[in-house]
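# Structural characterization, general
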Amino acid sequence: MIELDIYSPVEEIINPLFIKKGIQVFVKRDDMIHPFISGNKWRKLKYLLGDAAYLNKDHLVTFGGAYSNHLLATACAGAKFGFKTTGFVRGEEVKNETLTLCRLFGMQLIFIDRESYRNKNRLFELHFQDNSKAYFIDEGGAGPLAVMGCSELINELPEVYDDIFCAAGTGTTASGIIKGLMDRSLPTKTHVIPVLKGAEFLRAEIETFSGGNSFEFHSGYHFGGYAKTDEELLNFIKDFCGTSGILIEPVYTGKMFYSLFDLITKDHFKPGSKILAIHTGGLSGISGMINRFNF
Ligand SMILES: *Cc1c(COP(=O)(O)O)cnc(C)c1O
């Protein structure tokens, strides 16, 4: 049985800005779900692993960059639920904490040049055509089963919020949240914060799951692109951590919370609004980024 007994409480953040604007902000602590199968990565993997088990597969094959939280989550979940795991890693061979953890959890890593990496189905065929027990999981776990897993987050909420904030890489988590709200006919508006530059294509992809439900797509908070940061973002993160006791990181949740504070400052929300931010985790790699923080 592929089950994890998950712990993800909702807690309120108290901040002078929110009090001044008459707004309440809450955080869904998906970062507490598991140290390595963290946050949205467990939600995305849950039904994929169930599907793999149902199909009698014993080997998970997936894809990611050298700092991929998804690779690490798959390695750890594979170890826990009895699957072998292989990760195709984009780019030349490197060593870092995320990849070392992947190896500790038994994942075989295959480094692939950026050109060949593009065609994932072909890589899977090339390496696993003789292995009928291998199971393909797309980069970031993206796909309908992952969207279904993410939509379950909505069932766990203790009350109805006016707005929900979520960082987006592939947009799968955001799609799941929008779908979950729609399934339960909730009036909550979703705010999607892409962390990549030029992510306009994501808007259309998310729309295919939104069934006409409106969401806001805030594309101005990528800070130069995926995993790019600047002084302002890093200072914001320091301030946030130091006043909330909640750790966030620069790649996803830092940008998401920055956008939330910025939009509240700019009076984007009516006084009395209740806003929920999803802490999607991603903290397992943060010690590898520690030298970015210049203090
Ligand atoms: C992977 C990841 C995301 C992106 O999720 P998508 O479903 O790909 O949009 C967001 N936050 C964190 C911390 C992540 O690790």
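My aim in this report is to walk through the structure given alongside it, one point at a time. These numbers were taken from a predicted model, which means no experiment stands behind them. (Residues numbered from 1 in each chain as written. Predicted model: local features only at pLDDT ≥ 70, side-chain atom pairs only at ≥ 80, totals over all residues. Heavy atoms only, no water.)

## Here's the deal with the environment of Y54
Short version of the rule: We count a stretch as a helix when DSSP gives it H or I for four or more residues in a row; a strand needs E for two or more, and each element gets its number in order from the N terminus. Exposure categories follow from relative accessible area, calculated using a 1.4 Å probe and restricted to protein chains: below 20% of the type maximum is buried, above 50% is exposed, and the middle band is partly exposed.
Relative to the assigned elements, Y54 resides in helix α2 (residues 40-54). Residue classification places Y54 among the exposed residues on the basis of a relative accessible area of 71%. Note: C-alpha distance between Y54 and M1 (53 residues apart in sequence) is 9.8 Å.

## Notes on the sheet that holds strand β4 (residues 84-90)
Threshold: When DSSP finds two or more bridges between two strands, those strands count as paired. All axes here are fitted lines through C-alpha atoms, helices being fitted over the stretch that makes contact, and every angle between N-to-C directions spans 0 to 180 degrees. Residues are treated as being in contact if the distance between any of their heavy atoms lies within 4.5 Å.
The strand order across the open sheet formed by four strands is β5-β4-β3-β6, and the pairing between neighbours is parallel. Of all the strands in the sheet, just β5 (108-112) and β6 (134-136) have a single pairing partner and so form its edges. The average undirected angle you get between the axes of adjacent strands in this sheet is 25 degrees. In the packing of helix α6 (residues 120-128) onto the sheet, the strands contacted are β3 (59-64), β4, β5 and β6, and the crossing angle to β6 comes to about 175 degrees.

## Describing the site of the ligand
The condition that has to hold: The criterion for a residue being near a molecule or strand is simple. One of its heavy atoms has to lie within 4 Å of it. Each polar contact in these results corresponds to two N or O atoms within 3.5 Å; when the atoms are within protein, one needs to be able to donate a hydrogen and the other to accept it, and residues that are neighboring in sequence are counted only if both atoms are side-chain atoms. Accessible areas in this description were obtained via Shrake-Rupley with a 1.4 Å probe; residue shielding takes into account the shown protein chains only. Following the grouping adopted for this structure description, the nonpolar residues are Ala, Val, Leu, Ile, Met, Phe, Trp, Tyr, Cys and Pro, the charged ones are Asp, Glu, Lys and Arg, and the polar ones are all others, Gly among them. Those domain boundaries reflect an automatic or database domain assignment.
In the vicinity of the ligand lie 14 residues, with K41, N69, T170, T173 and T280 positioned nearest. Contacts to the ligand include T172, whose backbone N or O atom sits 3.4 Å from an oxygen atom. When the ligand is considered free in solution it has 390 Å² of accessible area, and contact with the protein chains removes 97% of it. Those elements that provide at least two residues to the shell around the ligand are α2 and α8 (172-183). Considering every element that reaches the shell around the ligand, the biggest residue donor is α2, with three residues. Along the lines of polarity and charge, the residues of the shell around the ligand split into two nonpolar, ten polar and two charged. Split by domain, the shell around the ligand shows at least three residues from each of two domains, domain 1 (10-35 + 147-292) and domain 2 (40-141).

## A look at the sheet that holds strand β8 (residues 189-194)
Strand order in the open sheet formed by six strands is β1-β2-β10-β7-β8-β9, and the pairing between neighbours is mixed. With one partner strand each, in any of the chains shown, β1 (10-13) and β9 (215-217) form the two edges of the open sheet. The average angle at which neighbouring strand axes cross in this sheet is 25 degrees, direction not considered. By the bridge criterion, three bridges tie β8 to β9 in an arrangement that is parallel. Directly across from T190, in β9, lies its bridge partner F215.

## Some details on the nonpolar core
Put simply, the rule reads: Side-chain atoms within 4.5 Å are what join buried Ala, Val, Leu, Ile, Met, Phe, Trp, Tyr and Cys residues into a set we call a nonpolar core.
In terms of nonpolar packing, the biggest core is built from 33 residues, with F165, F257 and I264 touching the most fellow members. Contributions of two or more residues to this core are made by α1 (16-21), β2 (24-28), β7 (163-168), α10 (231-244), α11 (253-265) and β10 (274-278). Setting aside its immediate chain neighbours within four residues, F257 contacts I13, V27, F236, F240, I248 and A277. Ranked by size, the runner-up nonpolar core spans 20 residues in total, among them Y161, A168, V192 and L276.

## Considerations on the side chain of N40
Position of N40 relative to the elements: it lies in helix α2. Excluding its chain neighbours within four sequence positions, the residues that come into contact with N40 are D30, T173 and T280.

## Focus on the pairing of β10
Most of β10 sits out of view: four of its five residues are buried. Relative to β10, β2 is paired through five bridges, and the arrangement is parallel. Of the residues in β10, the one forming a bridge with K28 is I278. Pairing analysis gives three bridges linking β7 to β10, with the strands arranged parallel. Residue pairing across strands places D163 opposite I275, the latter belonging to β10.

## Let's talk about the environment of D262
Locating D262 in the fold gives a position in helix α11. Placed 231 residues apart in sequence, D262 and D31 show a C-alpha to C-alpha distance of 23 Å. Looking at D262, its side chain comes within polar contact range of the side chain of Y221, at 2.7 Å. A distance of 2.8 Å separates the side chain of D262 from the side chain of K266, its partner in a polar contact.

## What about the packing of aromatic side chains?
The condition that has to hold: Only Phe, Tyr and Trp rings take part, Trp by its six-membered ring, and two of them pair if their centres are within 6.5 Å. Stacked means planes under 30 degrees apart, edge-to-face means over 60, and tilted covers everything else. Lysine and arginine charges are scored as sitting over a ring when NZ or CZ, respectively, is within 6 Å of the ring centre and within 35 degrees of the ring normal.
Taken as a whole and judged by the stated rule, the model has 19 aromatic pairs. Centre to centre, the rings of Y226 and Y252 are 5.9 Å apart; their planes meet at 70 degrees, and the pair counts as edge-to-face. Separated by 26 residues along the polypeptide, Y226 in the loop between β9 and α10 and Y252 in the loop between α10 and α11 bring together distant segments of the chain. Given a relative accessible area of 40%, Y226 falls into the partly exposed group. K41 extends its terminal NZ or CZ atom over the ring of Y252, reaching a point 5.7 Å from the ring centre. For the cation-ring pair, R90 lies above Y117, with the distance from its terminal atom to the ring centre recorded as 5.5 Å.

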